[in-house]
Amino acid sequence: MIRSLLNRLALPAWARLENPLVRREMQALPLFLGQDGNLNVKMVLLAMLGLGLMPCSCSCGGLPWSVLQTVLSLIPLLWGASLINRERVAGTWDLLRTTPYSDAEIMLAKISAVSYRLSPLLALLLSGQAASFLMTSLFTATVLLSITVSVNSVPVWPAMPILTDEQGALPLVYGLAFALLLLTTVLDFVTNIVIGALASSLTASRGAAYGSAIGLRMVTSLGWIVLGALALGLIAPSETLVSGPLALNAITQPALWPILVAPATTLVRVVLVSGLALAVQVAVLVGLFRLLVWRVRCG
């Protein structure tokens with residue numbers, strides 16, 4: 001299934017399964033979840049697992065899925081942390097760089113191979129995120145439609161105006177956030193591999209590479225808070241932003257930026273924030289990859 005789907009897509013040369021670099025890297029990488037089992041079956045089983053975890057997660061305030069997601073995000077990070085130092089230890093890195101492929105193509109092929117190997121994990125993350133978002137949105141919509149807020153015995157609804165200029169656009173806001181959630185999940189998955197590869201380029205020790213990868217990931221997460229605050233501060237007036245713990249959580253997740261600015265604003269502003277969220281995450285990924293290629297050339 002995966003192979004036939006990839007063959008139908010107009011992928012660049014460095015991402016194709018028949019690329020010699022991709023084939024070589026996939027042979028060097030371990031099989032995900034053991035030696036037995038078909039990759040397509042693993043994807044389906046893990047996707048079903050992600051859907052099955054959501055009722056338990058939502059009944060506990062979303063904590064189990066949040067914790068599991070954090071732990072699972074370490075897997076692509078750590079797999080990427082062995083991409084270069086493994087070659088250096090084996091003495092094949094300099095030989096690999098003498099091939100007709102550029103440093104960027106070599107790293108893109110390696111990142112593609114890790115993505116293919118870990119595709120069942122990505123299926124789990126996507127299904128879990130999708131189910132969690134849908135159940136949370138359903139709960140929120142139910143509360144908004146069923147609760148009447150009274151002030152001095154006078155009914156007031158809704159308690160917080162949402163898209164005051166276009167009340168009927170609320171489903172579109174959640175639709176944008178849902179699409180962004182899936183896209184940013186994939187981007188974050190690839191970003192973790194790139195961060196791991198960057199850590200792998202800094203040291204020949206696998207243990208040090210793992211530690212560096214986790215440290216770089218933490219720095220990147222802190223950077224999201226700064227970037228999110230600056231970006232939303234430029235495009236959204238402070239009076240349109242949700243405040244409190246939700247705001248801090250949303251700033252670190254670009255997929256939630258449209259919901260963060262939804263109160264008391266317009267659909268146009270929400271669409272702009274959605275585009276900004278996607279552009280910022282793509283820019284961060286591209287910047288990290290260019291830093292990785294520069295480090296490879298200098299190292």
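This structure is a prediction, so every number in the text was calculated from the model and none was measured. (Residues numbered from 1 in each chain as written. Predicted model: local features only at pLDDT ≥ 70, side-chain atom pairs only at ≥ 80, totals over all residues. Heavy atoms only, no water.)

This next bit is on the environment of Leu74. On the secondary structure map, Leu74 appears in helix H5 (residues 74–80). Judged by relative accessible area, which is 32%, Leu74 ranks as partly exposed. Leu74 sits 143 residues away from Arg217 along the chain, and the two C-alpha atoms are 9.2 Å apart. (Helix = DSSP H or I, 4+ residues; strand = E, 2+ residues; numbered from the N terminus. Buried < 20%, exposed > 50% of the residue type's maximum accessible area, 1.4 Å probe, protein only.)

This part covers the pattern of salt bridges. Summed over the entire model, instances satisfying the criterion amount to seven salt bridges. Among the ionic pairs, Glu87 bridges to Lys110, the shortest N-O distance being 2.8 Å. On the criterion of sequence distance, the pair formed by Glu87 in helix H6 (residues 85–90) and Lys110 in helix H8 (residues 103–117) is long-range, its members being 23 residues apart. Each member of the pair, Glu87 together with Lys110, is buried. A salt bridge links Arg297 to Asp103; its shortest N-O distance comes to 3.9 Å. Taken together, the residues span a long stretch of sequence, with Arg297 in helix H14 (residues 267–298) and Asp103 in helix H8 at a distance of 194 residues. Judged by relative accessible area, which is 55%, Arg297 ranks as exposed. (Salt bridge = Lys/Arg side-chain N within 4 Å of Asp/Glu carboxyl O.)

Turning our attention to the nonpolar core. Residues Met107, Leu121, Phe289 and Leu292 are the most contacted members of the largest nonpolar core, which totals 48 residues. Breaking this core down by element, the ones donating at least two residues are helix H2 (20–28), H5, helix H7 (93–96), H8, helix H9 (119–146), helix H10 (170–200), helix H11 (206–235) and H14. Contacts of Met107, omitting those with residues within four sequence positions, involve Ile84, Trp93, Ala197, Phe289, Leu292 and Val296. (Core = buried A, V, L, I, M, F, W, Y, C linked by side-chain atoms within 4.5 Å. Contact = heavy atoms within 4.5 Å.)

In the contact formed by H2 and H8, the axes pass within 8 Å of each other and the chain directions differ by 50°. Compared by their axis directions, H2 and H8 come out oblique. Crossing hand, H2 versus H8: right-handed. For the pair H2 and H8, the contacting residues are Leu21, Val22, Arg24, Glu25 and Met26 in the first and Glu105, Ile106, Ala109, Lys110, Ala113, Tyr116 and Arg117 in the second. For the contact of H2 with H8, the per-class residue count stands at seven nonpolar, no polar and five charged. (Axes fitted to C-alpha atoms, helices over the stretch in contact; angles between N-to-C directions. Parallel < 35°, antiparallel > 145°, perpendicular 65-115°, else oblique. Left-handed = near helix turned anticlockwise from the far one by under 90°. Nonpolar A, V, L, I, M, F, W, Y, C, P; charged D, E, K, R; others polar.)

Another point: the confidence of the model for the protein chain. Atom-level detail of predicted coordinates should not be read off regions where pLDDT is low. The share of residues in the protein chain with pLDDT of 70 or more is 61%, and the mean pLDDT across the chain is 75. Within the protein chain, strand S2 (residues 154–156) has the poorest average pLDDT of any element, 43, and H8 the best, 94. (pLDDT = per-residue confidence, 0-100.)

Those residues of H2 lying buried are Leu21, Val22, Glu25 and Met26. Looking straight down H2, one finds its buried side chains confined to an arc of 130°; they lie on one side. Buried residues in H2 make contact with H6, H7 and H8. If you check the start of H2, you find a side-chain oxygen 2.7 Å away from the backbone N of Leu21, and it comes from Asn19. (Arc of directions from axis to C-beta. Polar contact = N/O pair within 3.5 Å; in protein donor to acceptor, adjacent residues only side chain to side chain.)

We now examine the side chain of Ser127. Tracing the chain through its elements places Ser127 in helix H9. Its relative accessible area of 11% is what places Ser127 among the buried residues. Polar side-chain contacts of Ser127 include one of 3.0 Å to the backbone oxygen of Leu124.

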